[in-house]
Structures are given as C-alpha cells and as structure tokens.
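The chain contents come next:
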Amino acid sequence: MSAERLRGVLEQAERLARDTSLQAVRSWKERTAGLAVGFMPIYVPRELLHSQGVLPVGVIGGGDEIEIIRGDAYYQSYICHIPRSTIELGLDGSLDCLDGMIFPAICDVIRNLSGVWKLEFPDKLSRYLDVPQNFDPAIGGRFYRDELESLSRDLTARGAGPYDPRALRSSIEIYNAQRRLVEDLYALRRDEPWKVPTTELYTLLRAGLVVPPEELSEMLRDYLSAVHEDAARKPMDQARVVLIGSFCEQPPLGLIKTLERSGCYIVDDDLVQVHRFVRGDVALEGDPLDNLVGAFLAQAVDSPTRYAAAGDNGRATVERVRRSGAEGVLFCAPSFCDPALLDQPMAVRAMERAGIPWTAFKYSENGGQFQVIREQAGTFADSIKLWSEASP
Amino acid sequence: MTAPGDRSAAPARKDDSQLRQKRMMAEHYGRLARSPRTGEKNVYTFVPGNLTELVRSFDLLPVLPEINALQSAMRGKSREYISTAEKLGHSEDVCTYVKCDVGMLKSGNVGPTGEPLPNPDLLLLSYTGCFTFMKWFEILRQEYDCPVVMLHVPYQGDGEITDAMRRYVVGQLRDVVIPALEKLSGKRYDEDRLRGMLALSAQAEDDLVWVLKSAAHRPSPIDAYFGGVYYIGPMFTAFRGTPEAADYYRALRREVQERIDQGRGPVTPDGEMSAERFRVVVEGPPNWTHFREFWKMFADEGAVVVASTYTKVGGVFDFGFRHDPSRPLETLAEYCMGCYTNLHLPGRVEMLCRYLEDYSADGLLVNSIKSCNSFSAGQLRILREVERRTGRPAGFIESDLVDPRYFSAANIKNRLESYFQMLAHRRGAA
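Definitions and limits used
Every residue gets a number counted from 1 within its own chain, in the order that chain's sequence is written. Written order determines the labels here, with chains lettered from A and ligands numbered from 1. Under the rules for a predicted model, residues below a pLDDT of 70 receive no local features and side-chain atom pairs below 80 are neither given nor counted, while totals for whole chains, interfaces and linings still include all residues. Counting from the N terminus, the helices are the DSSP runs of H or I reaching at least four residues and the strands are the DSSP runs of E reaching at least two. Our radius of gyration looks at C-alpha atoms and nothing else; its globule reference is 2.2 Å times the residue count to the power 0.38. Working definition of burial: number of other C-beta atoms within 10 Å of the residue's own, with buried at 20 or more, exposed at 12 or fewer, and partly exposed in between, all C-beta atoms being placed from the backbone. Whether two residues are in contact depends on their C-beta atoms, placed from the backbone: they are in contact if these lie within 7 Å. Fitted lines through C-alpha atoms give the axes, limited to the stretch in contact for helices. The angle between two N-to-C directions lies from 0 to 180 degrees. In what follows, roughly perpendicular refers to angles from 65 to 115 degrees, roughly parallel to angles under 35, roughly antiparallel to angles over 145, and oblique to any angle outside these ranges. Each residue gets one of three labels, nonpolar for Ala, Val, Leu, Ile, Met, Phe, Trp, Tyr, Cys and Pro, charged for Asp, Glu, Lys and Arg, and polar for the others, Gly among them. Pairing between two strands is assigned when DSSP locates at least 2 bridges connecting them. Joined through C-beta atoms within 7 Å, a set of buried Ala, Val, Leu, Ile, Met, Phe, Trp, Tyr and Cys residues constitutes a nonpolar core. These domain boundaries are the output of an automatic or database domain assignment. What a helix should span is 1.5 Å times the count of its residues minus one.

1. Points about the overall build of chain B
Part 1 of the argument: Looking only at helices and strands, chain B has 17 helices and ten strands in total.
Part 2 of the argument: Radius of gyration (C-alpha) of chain B: 21 Å, near the 22 Å computed for a compact globule of 430 residues.
Part 3 of the argument: Overall, the C-alpha framework of chain B stretches about 65 × 50 × 40 Å when taken along its three principal axes.
Part 4 of the argument: Across the 430 residues that make up chain B, the buried fraction comes to 56%.
Part 5 of the argument: Look at the contacts in chain B between residues 6 or more apart in sequence, and 79% of them connect residues 24 or more apart.

Structure, rendered in structure tokens:
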C-alpha cells in the first residue's frame, strides 16, 4: 500500500516538476479565476501573494526540457543559461498564463531580465523586487516594508485582492506549516539518506513551485509517511556530502542522479532554495508585514546573494557540514553564475581552514554529459571513504 | 575599407587637458604612495555611486580599484594578474576587474605610476548598479583584514527614484557611512564643507556636460568614448568637489570651444582626425588591454563616437542632474541611484535613442564585455529595440575589460569594417 502511495506521489511530483508549460497553473486559474504571478530564484515573500489570492509560481528556467531556439538570440554565450531558457518559455507561450513576473534582486542577470521582460511583455506585470543589504530594521527593514507595500499595491492594481493583515497572517501560517514539512524532509534525509534520495527530494521541491502551498504540504506528508514505512530502502556505503552553489539555475535531474550513483549521499543542499530561505517559522503575533520583513532580515539563510556583514563567508557552510554530519562539500555551481562563483574562493578558504574536504565543478541546466562529473564525484567519495576507514 | 584620405594626417599631439589630467593623476597616485609616511588615510570605493565629495570632506583620499585594474591592463600587466588570481581559485567565468585587482594585490599592489598603493584603511562598498561589487569587497576584506562599510543603492527597477529609495540611501549615509568616515578620519561630519564641495561639483558638472554636448557639432570636437574615458571622464570621479576639478573642466571647455571655432575634429591616437566620416553612439565599456589599437580601428575609418553610455557609469549629468548643495545627503543619494548601470533596461534604451537623435549619429555600436553582466545581460535586446525605434543600424562586437585573451583584434576589426561599410552603403542609398 505504501509503495503504491509513494509511486503515486512521485509520479505526480515528476509530472509537475517537468511541467514547463504550467498546465497545473492553468487548471488552478480555471478553477479559481485568480491571478498567477511567476517569480525567479531565489526568494520572494510568497505569503504576501498568497494572502491576496495570487498563486506564486516559481520559474526556474526550462532545465533540460526545452530546446532553446530564440533565447540564444537574447543572451551572449558567456551568460548563464537560466535567462535564455526563461525568455524562451516566455516567447513560446509557456508562461502566458502568468499575469506577471517578479524578479528578486540576486544578481545582474536576473535584474536585467526584469528589463527585458518589460520590453518584451509590456502588458504584463514585470516587477523587480529589491531586497535590502542593510539589515538594520530601522533602515533596511523600513525599505523592505516599503517594497512589499508597493508590490502589494501592484498586485491589487492587476486584479488581486487588497492587502489584508488577517489574510496575511493566515498565509504565513500555511507557509510555516510547509516550511516545517520541508525541514522534516531534510531532517529525514540527513538522518537516513537512503530513505530520501535527493532525486526524489529535488523533484518534490520543484513540483512545489507550481502548486498552492497546501498541495505541496499534502504531497510532502504523503511522501514522508510512505518512505517511513518503506522497509525496502536500505543504507549503502556512501560518502555524506553537502551540495553548495545550486541556488538559482537548477541542475538537471540527471546530474543529481549521477552524484548519487557515484557514491554520494547528499545530506544538505541549497536546491530550490525558496522553500528554505527563511529559517524557522515567521512570527504570527503582531503586524504580519513587519513579521515578513523581520524574517527576511534575521532568519534568512546565509547566501552568496546576501551581503556577509560579518565578513565570514563560508562559515554557514561549515556549520551545515557539522550539523549534517557531512564528510565533504561539493561546490556545484552553474557556469557563469556570479554569486556562486565569486563567493566560492572565500567558501573554499573556510573549508580548508576547517579541514573539510571539497571538490568543485560546474553545470548548465540543460547539460547532459555527466561522465566527467561522475568520475570526479566518485573519486571524491572514494577518497572520503578511504580517509574515514583510515581514521580511528 | 580604409580610404587613405580618411587617415589622420596631423602628428600626434596631446592637448593641454590631456597633459594636465596626467599630471593630476600622477600627483594623486604619488600622494597615495606617500600616505603611509604622511599619515593620510584612504578609502577604497567604486566609480558608480562614488561619494567622492563626502570622502574628501573628511580629508580622506579615494582609491578606485576599477581604475587600478584598467590601468594595469593598459600597462600590460593584467594577463599576469588575472592568471595569478585564477591559480588561487577565482573562476574563469567571473569579472576580470576583480581578478586583476586580486592579482595586483598578490603581486605587491603596485599602482599605475610604479609605486605601491597603500592598503585600504576602509572599504566603502558603494553597492551601485553592479552585483560583483559586493563580492569584490568581501574578497578584499578577507585579503586586507580591514573594515568595510556597505552603502546599498537600490536599483531603478521601474525607472524612477521613489521617496522610499531616497530615504533608504540617506538613512545609510547618515547612520552608517558618515559615522564610519568620522571614526576613520577622527573628524566630525562638516555639512557646510560638504555643501561647498557639492557646489564645486555642480560647477564642474555644468562644464562637463557642455563638453559632452559639444559632440553635437560637425565635426565633433571630441570623441565621447575613447576621449571620454581617457581625459574627459576620469578626472571627474577622483577629483569631483575639488577646486582643481572645477578648474580642469573650465579649461577643458575653453579648449573644446577653440576646437569648435577652428572646425577641428577630435584627438585620436595618431593625432587629429582630419575627416569625420561616421558618427556613432557606443554602448558598453571599452577594452583596456588594447585600448589604443581599438581606438585606432575607429579613427582609421573616420568614425567618431559622439556619445557613449560607459562614460555615464560615474553619473548621468547630461539629462539635468546636478549635485545640489542645499540637500547634501539627498543629492548624494540621487546621484548614486542615477548612475547608468543603475538604470533599468527601458531607461537605457531611451537614453541610447535620445543620443542617436541628439547627436545625429549614423548608428549604434555595442561592445559587449564578457565579464560584465551588469552591462552585457540584455544588451542584445537593447540593440534590437534601439534599431526598431530609431531605424538606425546597430553593430555588435565582443571583447573584455582587462583580459587580453578575449580581445580578438582581427575579428573585431573585421566586424567594425563591415559595419562602417554598411553605414556607407546606406548613406549612398539614401
């Protein structure tokens, strides 16, 4: 029974994760007549959209699902892949069910894509969402609150419901529940990685980008319950690694499979980071918009896209390695990704200071040749296992 | 495609302004080199969104790592510096200014005059219009182990500066940046002194804009790209708010007026351009490793750049903005937010269209820089939009800021020649 349920959840997740033409979003719009607004990585306050009756839809490029025909005419070869596949999806009509797009401030490529979108789709909402790099509530917090109020007004002007603090509180509650389930998923993978292959976790998280939060929560509950009961999943002698750098353009599923087959248990990662960008619950007491602002300022994960005010780049990764009991780090960044690649030398330095083994490689979302990475990751995993055996 | 008659005939001769700016820059670098002995403190910061007046109002000296990187490229040092940084683990995919700077630091931090630059006393991270800036100073902070102060300048995502954006920047200036400068310099913030410097800035800005707009004449007395970055613009960033800068721009204006009166074209690497054949607008930074060769590719064709966007990364003044001494912090905030790379793409398109019109240009040329996503991402869409709106042809070339591996002279020359040939044909057909 549980195997059947598990298969059902995974099939549903895979269908949704591969749904670049957003059939699930189209159905939702037909059912509800609500607005659907896309957002790029890595974080937007989905609670606010949800509270105004808007379906937040994560747009993370076309992956290896689509052929790039027109997108390459928009971007030079030395720019990462995600903007060209996203514009391809926009031009081929895959995203036409979206009433707008939000481009959060994470790098110059996504920033400029907001302008390309304005030029290309002048009738749609195209919203650049600036987020503060000053984390003082009186300065950066005030600015971010102004940004959120302005975003809320933009949504209302497009037909969304007006800002309602009670509705926002309720949406925060729904997303808090989802965050806890995602954390449960990560905790189970950390403790028993053979029960939660990252290919499955990744598929579920990607699926969650195109459905309402309640639906993802249901899928996660079903999945967790099914894998807990699945006695067929047995431990293997794999190296425990943390995967770092894949927070924006997402790796192809084949790459994740390759890493697992090469002998790695991924026990922590920054994949599809919107689900885990805020750590813990957003507060429910008090002004809900202030609570969203406060969560961004004080509860966000350390990310290469956020100013490291304390000058301790890499510290968070070291802590994640310790917390997850990992034995090494895979720096796995998309080619030409400024945030990940500019941060990497500092993070590497932190790993070396902490004596944590690491290796690094790059990918593109539509890459299909993983042999070299398989050999590299396999050698890395083997070396970790050998060292582990040698140690007392 | 080069007609002999189009070549510059006059011997290369530097204008007074070029010699004067060279002297001023050398003095500045000399002062920096002496600073460990004299006790003068410095602040490393960036060209876009630079707070030169504020920094100088505390008697602190600005150091601009981008300028150091491009100077290293012009001195033929950048290849080695970039290689040093890449060996240390910096990716081949990222900004070469950063890698050049890191390599320079690891090689003794020798500045353009051959003397060592001082280590930063403070990194003023003016995070304006370029994501890389943030990571650059995070890297430098680890290398130098020195304090850093962040000024986050919000992007004009909707093409406007809102009250919220202004309040945010002013709040940071007042509560974060000024206290850090006070601490470093041991001096109190002197708003009257800052106002005086901003008044001098506005005066220089009037003259700078006059010089830039002189390119509307035929022939243009200046090259607003190569000349723009060589002797018109750089002074502006490092010296804004000083009497020397105001004097410099007043003198430059007189010099350009003289050229206009005499019907003379701009200075080129081989001397004065004798016949202006093409007038183009350029989008994107230049290549610095082959600067002279790159400039000559234009000059040899009789092509003069009448307006450029790169010369606006340190501030857009030709559409009316002036520093306003009566609102010192607000005006600094507006200056920062108005820099070219902080404008959204539709705003960049509008600016380019206006330049093509105002300067009677034949077309647009985009020099797309491999390692500058702030400029390059979206440029192909900009190009098509400008062509669509103006009906004037656009050309596209690719190079890099300071990495000589990405300057393919034959390829670029070939593309430029084809482009100019096309302009000539269109003109003939018209």
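Having seen the model, we can carry on.
2. With respect to the environment of B:Ser274
Part 1 of the argument: With respect to the helices and strands, the residue B:Ser274 is situated in the loop between β6 (271-272) and β7 (278-283).
Part 2 of the argument: Residues B:Ser274 and B:Val349, 75 residues apart in the sequence, show an inter-C-alpha distance of 32 Å.

3. Some thoughts on the environment of A:Ser126
Residue and element names in this part refer to chain A.
Part 1 of the argument: Relative to the helices and strands, Ser-126 is located in strand β4 (residues 125-129).
Part 2 of the argument: For the pair Ser-126 and Asp-154, spaced 28 residues apart in sequence, the C-alpha separation works out to 9.8 Å.
Part 3 of the argument: Sequence-distant contacts of Ser-126, that is, excluding residues within four places in its chain, are made with Gly-100, Met-101, Ser-114, Trp-117, Lys-118 and Phe-121.

4. Digging into the packing of helix α3 (residues 65-74) of chain B against helix α5 (residues 96-106) of chain B
Residue and element names in this part refer to chain B.
Part 1 of the argument: The N-to-C vectors of α3 and α5 enclose an angle of 80°; their axes lie 9 Å apart at closest approach. The orientation of α3 with respect to α5, classified from their angle, is roughly perpendicular. Counted together, Pro-65, Glu-66, Asn-68, Ala-69, Ser-72 and Ala-73 of α3 and Tyr-97, Cys-100, Asp-101 and Met-104 of α5 form the full contact between these two elements.
Part 2 of the argument: Of the residues belonging to the contact of α3 with α5, the class tally is six nonpolar, two polar and two charged.

5. A closer look at the pairing of strand β3 (residues 122-127) of chain B
Residues and elements named next belong to chain B.
Part 1 of the argument: Within β3, six of the six residues are buried, which leaves the element mostly enclosed by the surrounding structure.
Part 2 of the argument: Burial along β3 is two-sided: Leu-122, Leu-124 and Ser-126 facing one way and Leu-123, Leu-125 and Tyr-127 facing the other are all buried.
Part 3 of the argument: Of the pairings in the sheet, the one linking strand β1 (residues 42-44) to β3 comprises two bridges and is parallel in character. When the bridges of β3 are listed, Tyr-44 appears paired with Leu-123.
Part 4 of the argument: As paired elements, β3 and strand β4 (residues 148-152) share five bridges and run parallel to each other. What sits directly across from Leu-123, in β4, is Val-148.

6. A few points about the nonpolar core
Part 1 of the argument: Counting residues in hydrophobic clusters, the biggest one holds 264 residues, and the most contacted among them are A:Val37, A:Val241, B:Leu125 and B:Val281.
Part 2 of the argument: Looking at which domains feed residues into this core, each of domain 1 (17-189) and domain 2 (193-429) of chain B supplies at least three.

7. Things to note about the domain arrangement of chain B
Residues and elements named next belong to chain B.
Part 1 of the argument: By domain assignment, chain B separates into domain 1 (17-189) and domain 2 (193-429).
Part 2 of the argument: The distance between the C-alpha centroids of domain 1 and domain 2 comes to 23 Å.
Part 3 of the argument: The set of elements that each furnish at least two residues to the side of domain 1 that touches domain 2 consists of α1 (16-38), α2 (52-57), α3, α4 (78-87), α5 and α7 (163-185).
Part 4 of the argument: Looking at side-chain class alone, the side of domain 1 that touches domain 2 contains 26 nonpolar, 17 polar and seven charged residues.

8. So, helix α16 (residues 379-390) of chain B
Part 1 of the argument: Under the 1.5 Å per step criterion, the end-to-end length of α16(B) is 16 Å for twelve residues, consistent within 8% with the ideal 16 Å.
Part 2 of the argument: Listing the buried residues of α16(B) in full gives B:Gln379, B:Leu380, B:Arg381, B:Ile382, B:Leu383, B:Glu385, B:Val386 and B:Thr390.
Part 3 of the argument: Those residues of α16(B) that are buried are in contact with α5 (108-120) of chain A together with β7, α14 (345-358), β9 (363-369), α15 (373-376) and β10 (394-399) of chain B.
Part 4 of the argument: Remark: B:Gly391 follows α16(B) within two positions and exhibits a positive phi of approximately 75°.

9. With respect to unusual backbone geometry
Part 1 of the argument: Note that the residue after A:Pro41, namely A:Ile42, is joined by a cis bond; omega there is 5°.
Part 2 of the argument: Within the element layout of this structure, A:Ile42 appears in the loop between β1 (36-39) and α3 (46-51).
Part 3 of the argument: Put simply, B:Arg218 and B:Pro219 share a cis peptide bond, and its omega is -5°.
Part 4 of the argument: By the element assignment, B:Pro219 lies in the loop between α8 (191-213) and α9 (226-232).
Part 5 of the argument: Look at A:Ala33: it is not a glycine, yet its phi comes out positive at around 60°.
Part 6 of the argument: Backbone geometry at A:Val272 places phi at a positive 40°, although glycine is not the residue there.
Part 7 of the argument: Within the element layout of this structure, A:Val272 appears in the loop between β6 (264-269) and α11 (288-299).

10. Focus: the interface of chain B and chain A
Part 1 of the argument: Contact with chain B, which involves 41 residues of that partner, is made by 41 residues of chain A.
Part 2 of the argument: Elements supplying a minimum of two residues to the side of chain B that touches chain A: α6 (132-144), β4, α7, α14, α15 and α16 of chain B.
Part 3 of the argument: Among the elements that take part in the side of chain B that touches chain A, α6(B) stands out by supplying seven residues, more than any other.
Part 4 of the argument: A per-class count over the side of chain B that touches chain A returns 17 nonpolar, 15 polar and nine charged.

11. Some words on the sheet that holds β10(B)
Residues and elements named next belong to chain B.
Part 1 of the argument: Taken in spatial order, the four strands line up as β8-β7-β9-β10 in an open sheet, and their pairing is parallel. Both edges of this open sheet fall to β8 (303-308) and β10, since each of them pairs with a single strand only. Averaged over all adjacent pairs, the angle separating strand axes in this sheet is 35°, with direction ignored.
Part 2 of the argument: Two strands pair when backbone bridges link them, and β7 and β8 are joined in this way by five bridges, in the parallel orientation. Its bridge partner being in β8, Arg-279 is matched across the sheet by Val-304.
Part 3 of the argument: Lying on the sheet, α16 is in contact with β7, β9 and β10; it crosses β9 at an angle near 180°.

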